[in-house]
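# Secondary and tertiary structure notes
Chain residues, written in single-letter form:
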Amino acid sequence: MFRTNRPATADLFFDRRAELQRLEAFIAQLEAGEPAWLAIIGQRKVGKTSLILELARRSSPKLSFVLADTQGSAPLSLEFFRSLALRVVDTLLAGDLPMSLELAAVTGDDYLSMLESAPSFSTLSAALRRTLRRLPEAEMDAAFAAACLDLPEQLAHALDVRLVIAIDEFQELASLAAKRHGIDPLPIVRSVWQRHERIAYIVSGSGRSMLEDMVSRKHSPFFQHFEIMRLDRFSEADAIDLLVTAAPAARSISVELAGRAVAAIGTHPFYLQLLGQELVIHEPPYDEQTLKAAVQALLFSRTGRLSLYLQNEFDRLVGRSTYLAAVLAAVAEGPLRLTEIARRIKTRSGDTSRYLERLADAIVRTPEGLYALDDPTFGLWLSWRRPGGTVLPMRILGDHAELETAVALSGMGFDLVYQSRGSRGSFDLLATRGAFQLGVQVKRSATTLRFSKAEWNRMSQDAHELDWRWVIARVSPEGEVTFYDPVKASKRKLVTLQPRAAIENLRAWCHSQR
């Protein structure tokens, strides 16, 4: 099955064989008494959390995992370290507790009585018991933040266990220093963690350039403390395999159709899961028309789930900056040199360079020195949003005739979508202009158009039920597009359309049909 609302583990976990092997070696170091620090860097939704959860599932039950996310509460503050310490306590004492200590500390339940009822609590040192008692209510300052950070090591040593702590969106901690009266927590984190012998640390984040800078820059507190592992999109073969193997048995997706889907939407695992869900809501068998409708509904629609996700990413990247938006629009057309981007957005090269730096997570520099979008699917979405961009779905999914028809209609001011009201609709395209809806059947022919009566009646019935006007688009071998009025068809054994049925001015014809 396809899953998009929570991390995928166990039978739903897919691929990442090399990454898991590296993480298993990382765990072996911890078990051998040589804990290390690892930074996992990758795009949003690329599978970082799923990877860590799958590692936890495969590891020895004697090894404890604690996962935390800096974006779990807002606004971010030093209180994050209290929450992290409470989660560690809750995890390591879970076998002795009837309820969650972390939850009790937040809700105001009797945290102390619950804590002191745990049999293992009495075995701890007096100093450690005192820290645990005051954990929910002590005033949070730099000294207590350090105490919270050191608590996991003290507890792991007292209970003779080893622990993995994974913090997602770790780079967000750097923002605390910029706040009014803010304290930079990163030197505190480094100074405490480097004394730990029973804990391995994994940090991850989607702010890739910022996180990499934090763990590798020479003047960073973490310089040379972290190994780096990059988590990228799937390979093409694994992306196809995901669509094929994750589909329910009764709604199978063929290897051929999965290959077409990957060619259209790319290999990002989250995008593939979304597309898989969109495909299997239809009744099988699945064909090219089903795929076209699914991609249209998912990506090339204002309300599509992937379209909304990319809109959120766009807003996050550009904020209110029209120049940042212009840079993205320029590079969406293909890799460009700095000077060409500056020319297109009408700014100086120095300013353009700074805009590119601000878009660092979205922009990559090719070996040839060109700037390009890191996510090709994001580029498709950006291109679709431009004036005339409604032909893009036909450019990447349609055949020559559909594309030629779409270009002709777009030039007349129509918006185009694949006919998606039921994957077996009789029309190839729906052209819209304001509230006017026009069903379009595309026919590739060099001569007179011919239809069976069953085929013709189905189009007539669909148009009536959907309350659409409709036309036939004939595309000649030379690519010339002619539109025909179905009212002027000749109906005998076959339904035919002669040249006299051609529509001279489609816009005027549509106006007369209102």
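### Re the side chain of Lys48
- Its place among the elements puts Lys48 in helix α2 (residues 48-58).
- Glu169 provides the closest opposite charge to the buried, salt-bridge-free Lys48, at an N-O distance of 5.1 Å.
- If near-sequence neighbours (up to four positions away) are discounted, Lys48 is found in contact with Ile40, Gly42, Gln43, Asp168, Ser204, Gly205, Ser206 and Leu231.

### Observations regarding the pairing of strand β1 (residues 37-42)
- Burial of β1 is extensive: six of the six residues sit out of reach of the surface.
- Residues Trp37, Ala39 and Ile41 point to one face of β1 and Leu38, Ile40 and Gly42 to the other, with burial holding for every one of them.
- Note that β1 and strand β5 (residues 227-231) share five bridges and pair parallel. Following the sheet pairing, Ile40 is matched in β5 by Met229.

### Focus: the nonpolar core
- Counting 82 residues, the largest nonpolar core has Leu328 and Leu506 as its most contacted members.
- Looking at this core element by element, the count peaks at seven residues for helix α12 (residues 269-280).
- What Leu328 contacts, discounting residues up to four positions off in sequence, is Phe314, Leu317, Val318, Leu359, Ala362, Ile363, Leu373, Phe378 and Leu382.
- The next biggest cluster of nonpolar side chains, apart from the first, holds 57 residues, and it includes Leu76, Val88, Leu101 and Val215.

### Let's talk about the sheet that holds strand β15 (residues 495-497)
- Strand order in the open sheet made by the three strands is β11-β15-β14, with antiparallel pairing throughout. Looking at which strands have only one partner, the edges of the open sheet turn out to be β11 (449-451) and β14 (490-491).
- Summarising the sheet, β11 and β15 pair through three bridges and their orientation is antiparallel. Bridge pairing links Phe451 to Val495 in β15.
- Against the sheet, helix α21 (residues 453-466) engages β11, β14 and β15, with an angle of about 90° to β11.

### Side note on the packing of aromatic side chains
- Following the criterion strictly, the structure yields 21 aromatic pairs and no others.
- With centroids separated by 5.6 Å and ring planes inclined at 85°, the aromatic side chains of Trp37 and Trp193 adopt a geometry described as edge-to-face. With a gap of 156 residues between them, Trp37 in strand β1 and Trp193 in helix α8 (residues 186-193) connect regions that are remote in the sequence.
- Judged by its relative accessible area of 2%, Trp193 falls in the buried class.
- Ring geometry for Phe80 against Phe81: centres 5.6 Å apart, planes inclined by 70°, an arrangement best described as edge-to-face. Assigned by exposure class, Phe80 and Phe81 land together as buried.
- Clustering of aromatic rings is evident, with ring pairs tying together Trp37, Phe170, Trp193, Tyr201, Phe222 and Phe226.
- Sitting over the face of the ring of Phe270, Lys45 holds its NZ or CZ atom 5.0 Å from the ring centroid.
- The residue whose ring lies beneath Arg385 is Phe314, and the NZ or CZ to ring-centre distance is 4.7 Å.

### What to know about the pairing of strand β12 (residues 469-475)
- The element β12 is largely enclosed, with a buried count of six among its seven residues.
- Relative to β12, strand β10 (residues 436-444) is paired through seven bridges, and the arrangement is parallel. Looking across to β12, one finds that Arg444 is bridged to Val475.
- As defined by bridge partners, β12 adjoins strand β13 (residues 481-484) across four bridges and the pair is classed as antiparallel. Counterpart to Ile472 in the pairing with β13 is Tyr484.
- Hairpin connection, β12 to β13: the antiparallel pair is bridged by five residues, and Gly479 has positive phi, about 90°.

### Re the pattern of salt bridges
- This structure, assessed with the given rule, holds 23 salt bridges.
- When the shortest N-O distance is used, the salt bridge between Arg198 and Asp160 registers 3.2 Å. Here the residue Arg198 occupies a position in the loop between α8 and β4 (199-205), and Asp160 occupies one in the loop between α7 (142-158) and β3 (162-168), the gap between them amounting to 38 residues.
- Linking Glu340 and Arg344 is a salt bridge whose minimum nitrogen-to-oxygen distance equals 2.8 Å.

### Thoughts on the packing of α12 against helix α13 (residues 288-298)
- Two numbers describe how α12 lies on α13: the axes approach to 9 Å, and their chain directions differ by 120°. Relative to α13, the element α12 is oriented oblique. Helix-helix and strand crossings are classified by hand; for α12 and α13 the assignment is right-handed. Across the interface between the two elements, Tyr271, Leu274, Leu275, Glu278 and Leu279 of α12 pack against Thr290, Leu291, Ala294, Val295, Ala297 and Leu298 of α13.
- Class assignment for the residues of the contact of α12 with α13 results in nine nonpolar, one polar and one charged.

### Details of the sheet that holds β4
- Here five strands make up an open sheet; going across it, the order is β2-β3-β4-β1-β5 and the pairing parallel. The sheet is open, and its two edges are formed by β2 (63-69) and β5, each paired on a single side. When strand polarity is set aside, the average angle formed by the axes of neighbouring strands in this sheet is 20°.
- The sheet contact formed by β2 and β3 spans seven bridges and is parallel. Opposite Phe65, over in β3, you have Val164 as the bridge partner.
- Contacting β1, β2, β3, β4 and β5, helix α1 (residues 17-31) crosses the sheet at an angle of about 155° to β5.
- Docked against the sheet, helix α3 (residues 79-92) engages β2 and β3, running at close to 155° with respect to β2.

### Here's the deal with helix α14 (residues 305-318)
- The end-to-end C-alpha distance of α14, which contains 14 residues, comes to 20 Å, matching closely the 20 Å that a straight helix rising 1.5 Å per residue would cover.
- Listed in full, the buried residues belonging to α14 are Leu306, Ser307, Tyr309, Leu310, Glu313, Phe314, Leu317 and Val318. The buried residues of α14 occupy an angular sector of 160° when projected down its axis, which confines them to one face.
- Residues of α14 that are buried make contact with α11 (255-265), α12, α13, α15 (322-331) and α18 (376-385).
- Phi turns positive one or two residues past the end of α14, at Gly319, with a value near 55°.

Cut-offs used in this document
Residues numbered from 1 in each chain as written. Predicted model: local features only at pLDDT ≥ 70, side-chain atom pairs only at ≥ 80, totals over all residues. Heavy atoms only, no water. Helix = DSSP H or I, 4+ residues; strand = E, 2+ residues; numbered from the N terminus. Buried < 20%, exposed > 50% of the residue type's maximum accessible area, 1.4 Å probe, protein only. Lys, Arg positive; Asp, Glu negative; His and termini not counted. Salt bridge = Lys/Arg side-chain N within 4 Å of Asp/Glu carboxyl O. Contact = heavy atoms within 4.5 Å. Pairing = 2+ DSSP bridges. Core = buried A, V, L, I, M, F, W, Y, C linked by side-chain atoms within 4.5 Å. Axes fitted to C-alpha atoms, helices over the stretch in contact; angles between N-to-C directions. Phe/Tyr/Trp six-rings, centres within 6.5 Å; stacked < 30°, edge-to-face > 60°. Lys NZ or Arg CZ within 6 Å of the ring centre and 35° of its normal. Parallel < 35°, antiparallel > 145°, perpendicular 65-115°, else oblique. Left-handed = near helix turned anticlockwise from the far one by under 90°. Nonpolar A, V, L, I, M, F, W, Y, C, P; charged D, E, K, R; others polar. Expected span 1.5 Å × (residues − 1). Arc of directions from axis to C-beta.

Take it as geometry only, folks, not as evidence of what the structure does.
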